[in-house]
Amino acid sequence: MNILQYIDSFFSDSAQWNGYDGIPTRVLEHIQYTLMALGIAAAVGLPVGLVTGHTGRGGNILALIATAGRALPSFGLMVLMFVLLGLGLAPVMIPLVVLAIPPILVTTYEAVRSVDPAPVDAARGMGMAEPAILFRVEVPVALPLIFSGLRSAAIQIVSTATIAAYVSFGGLGRYIVDGLYQRNYEKVVGGATLVAVMALATLGLFWAIGRATVSRGVRRSGTA
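It should be emphasised that the depicted structure is a prediction, and the values quoted were computed from it without experimental measurement. (Residues numbered from 1 in each chain as written. Predicted model: local features only at pLDDT ≥ 70, side-chain atom pairs only at ≥ 80, totals over all residues. Heavy atoms only, no water.)

Caption draft 1: The arrangement of the overall build of the protein chain in detail. When you go through the protein chain residue by residue, the secondary structure sums to 10 helices and 0 strands. Along the protein chain, helices and strands appear, N-terminal first, in the series α-α-α-α-α-α-α-α-α-α. In terms of overall dimensions, the protein chain has a C-alpha envelope of 70 × 40 × 25 Å along the principal axes. For the protein chain, with 224 residues in total, the buried portion stands at 43%. The contacts in the protein chain between residues at least 6 apart in sequence include a share of 74% that link residues at least 24 apart. Per element, the accessible surface of the protein chain, about 11800 Å² overall, is 66% carbon and sulfur. The positive charge centre, built from 14 side chains, and the negative charge centre, built from 11, are 7 Å apart in the protein chain. (Helix = DSSP H or I, 4+ residues; strand = E, 2+ residues; numbered from the N terminus. Buried < 20%, exposed > 50% of the residue type's maximum accessible area, 1.4 Å probe, protein only. Contact = heavy atoms within 4.5 Å. Areas by Shrake-Rupley, 256 points an atom, 1.4 Å probe, with all protein chains shown as cover. Lys, Arg positive; Asp, Glu negative; His and termini not counted. Charge placed at Lys NZ, Arg CZ, Asp CG, Glu CD.)

Caption draft 2: Quick look at the side chain of Thr160. Tracing the chain through its elements places Thr160 in helix 7 (residues 130-160). Within the structure, Thr160 has its side chain in polar contact with the backbone oxygen of Gln156 (distance 2.7 Å). If sequence neighbours within four positions are ignored, Thr160 has contacts with Ser74, Leu96 and Leu99. (Polar contact = N/O pair within 3.5 Å; in protein donor to acceptor, adjacent residues only side chain to side chain.)

Caption draft 3: Inspection of the packing of aromatic side chains at higher detail. Following the criterion strictly, the structure yields 4 aromatic pairs and no others. For the pair Phe11 and Trp17, a centre-to-centre distance of 6.4 Å together with 50° between the ring planes defines the contact as tilted. Of the residues examined, Phe11 reaches a relative accessible area of 23% and is grouped as partly exposed. For Trp17, a relative accessible area of 39% translates into the label partly exposed. (Phe/Tyr/Trp six-rings, centres within 6.5 Å; stacked < 30°, edge-to-face > 60°.)

Caption draft 4: Fine view of the side chain of Gln16. Within the secondary structure, Gln16 sits in the loop between helix 1 (3-12) and helix 2 (23-55). Since its relative accessible area comes to 11%, Gln16 is described here as buried. Sequence-distant contacts of Gln16, that is, excluding residues within four places in its chain, are made with Phe10, Asp21, Gly22, Ile23, Pro24 and Tyr175.

Caption draft 5: Main features of helix 4 (residues 74-85). With 12 residues, helix 4 ought to run about 16 Å at 1.5 Å a step, and its terminal C-alpha atoms sit 16 Å apart, in line with that. Three or more residues of helix 4 are buried, namely Ser74, Leu77, Met78 and Met81. Buried residues in helix 4, looked at end-on, bunch into an arc of 100°, giving them a common side. Those residues of helix 4 that are buried lie in contact with helix 5 (90-113) and helix 7. Two residues or fewer after helix 4 comes Gly86, characterised by a positive phi angle close to 85°. (Expected span 1.5 Å × (residues − 1). Arc of directions from axis to C-beta.)

Caption draft 6: Representation of the nonpolar core within the structure. In terms of nonpolar packing, the biggest core is built from 40 residues, with Leu38, Leu96, Ile104 and Leu150 touching the most fellow members. The element that contributes the greatest number of residues to this core is helix 7, accounting for 12 residues. Those residues in contact with Leu96 that sit more than four places away from it in its chain are Ala37, Ile157, Thr160, Ala161 and Ile163. (Core = buried A, V, L, I, M, F, W, Y, C linked by side-chain atoms within 4.5 Å.)

Caption draft 7: Structural context of a nonpolar patch on the surface. Together, Phe75, Val79, Phe82, Val83, Leu87, Tyr166, Leu180 and Tyr185 make up a nonpolar patch on the protein surface, roughly 800 Å² of accessible area in all. Its place among the elements puts Leu180 in helix 8 (residues 173-182). Owing to a relative accessible area of 47%, Leu180 belongs among the partly exposed residues under this scheme. (Patch = residues over 30% accessible without salt bridge, like charges linked within 9 Å, V, L, I, M, F, W, Y side chains within 5 Å. Salt bridge = Lys/Arg side-chain N within 4 Å of Asp/Glu carboxyl O.)

Caption draft 8: Representation of the environment of Asp121 within the structure. Tracing the backbone shows Asp121 in helix 6 (residues 117-125). Remark: the alpha-carbon pair of Asp121 and Leu64, spanning 57 residues in sequence, is separated by 29 Å.

Caption draft 9: View of the packing of helix 2 against helix 9 (residues 185-213). In contact at an axis separation of 12 Å, helix 2 and helix 9 are set at 50° when each is read in the N-to-C sense. Between helix 2 and helix 9, the angle falls in the class oblique. In the crossing of helix 2 with helix 9, the sense of the turn from one axis to the other is right-handed. Seen from helix 2, the contacting residues are Ile23, Val27, His30, Ile31 and Leu38; seen from helix 9, they are Leu194, Met198 and Phe206. (Axes fitted to C-alpha atoms, helices over the stretch in contact; angles between N-to-C directions. Parallel < 35°, antiparallel > 145°, perpendicular 65-115°, else oblique. Left-handed = near helix turned anticlockwise from the far one by under 90°.)

Caption draft 10: Structural context of the pattern of salt bridges. Per the counting criterion, the structure on display carries 5 salt bridges. Between Lys187 and Asp21 there is a salt bridge, and its shortest N-O distance comes to 3.7 Å. Here the residue Lys187 occupies a position in helix 9, and Asp21 occupies one in the loop between helix 1 and helix 2, the gap between them amounting to 166 residues. Given a relative accessible area of 11%, Lys187 falls into the buried group. As a salt-bridge pair, Arg174 and Asp178 come within 3.0 Å of each other at their nearest N and O atoms. One end of the pair is Arg174 and the other is Asp178, both in helix 8 and 4 residues apart, which spans about a single turn. Among the ionic contacts, a cluster of salt bridges with common partners joins Asp21, Arg26, Glu29 and Lys187.

Here it is in structure tokens:
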């Protein structure tokens with residue numbers, strides 16, 4: 001059988017759409033892991049990136065953190081966390097969050113630093129407070145690049161959240177891990193296809209959010 005036949009056999013099997021191992025259940029689990037990890041990573045990366053970008057301090061440290069975070073193998077880190085913490089959601093979330101923080105952190109920093117200094121200086125000259133300058137002048141212009149960091153992190157999480165299945169959790173990785181163990185290649189290909197579709201859906205979702213939240217003037221300037 002070729003890949004297209006595997007895909008057709010997997011999705012045309014009615015048993016794949018029902019029960020605890022059905023596609024709707026596994027997709028919802030995968031979305032849950034993704035949203036949790038992205039939310040935690042954004043809660044850490046966005047404030048640090050915004051503050052350091054606004055002040056212009058800490059750029060070298062951020063680059064070092066980003067390099068270290070990207071160098072860590074997610075699967076190896078998950079196994080280590082599983083050994084240290086035991087069975088639970090934390091061993092899954094920690095490597096996903098570590099994976100997602102660098103693109104959010106670095107891109108947010110670079111987005112704020114790339115804002116034209118002229119309106120920033122004008123805002124300071126008018127006596128505007130630093131937090132107001134950040135959120136009313138810099139962030140609206142930097143928003144497209146900030147979204148690109150969040151988008152990159154979300155896609156990486158969607159692709160990597162399959163590792164949850166290796167420590168007996170759900171998600172779309174269940175099809176890949178179980179399919180390999182059972183030598184059921186329809187499951188393997190079907191699970192991989194679902195992950196790819198979810199990654200594409202994530203791209204589309206962030207494109208729609210960007211269109212809805214980024215001002216037309218910023219988009220027309222070519223930064224969106």
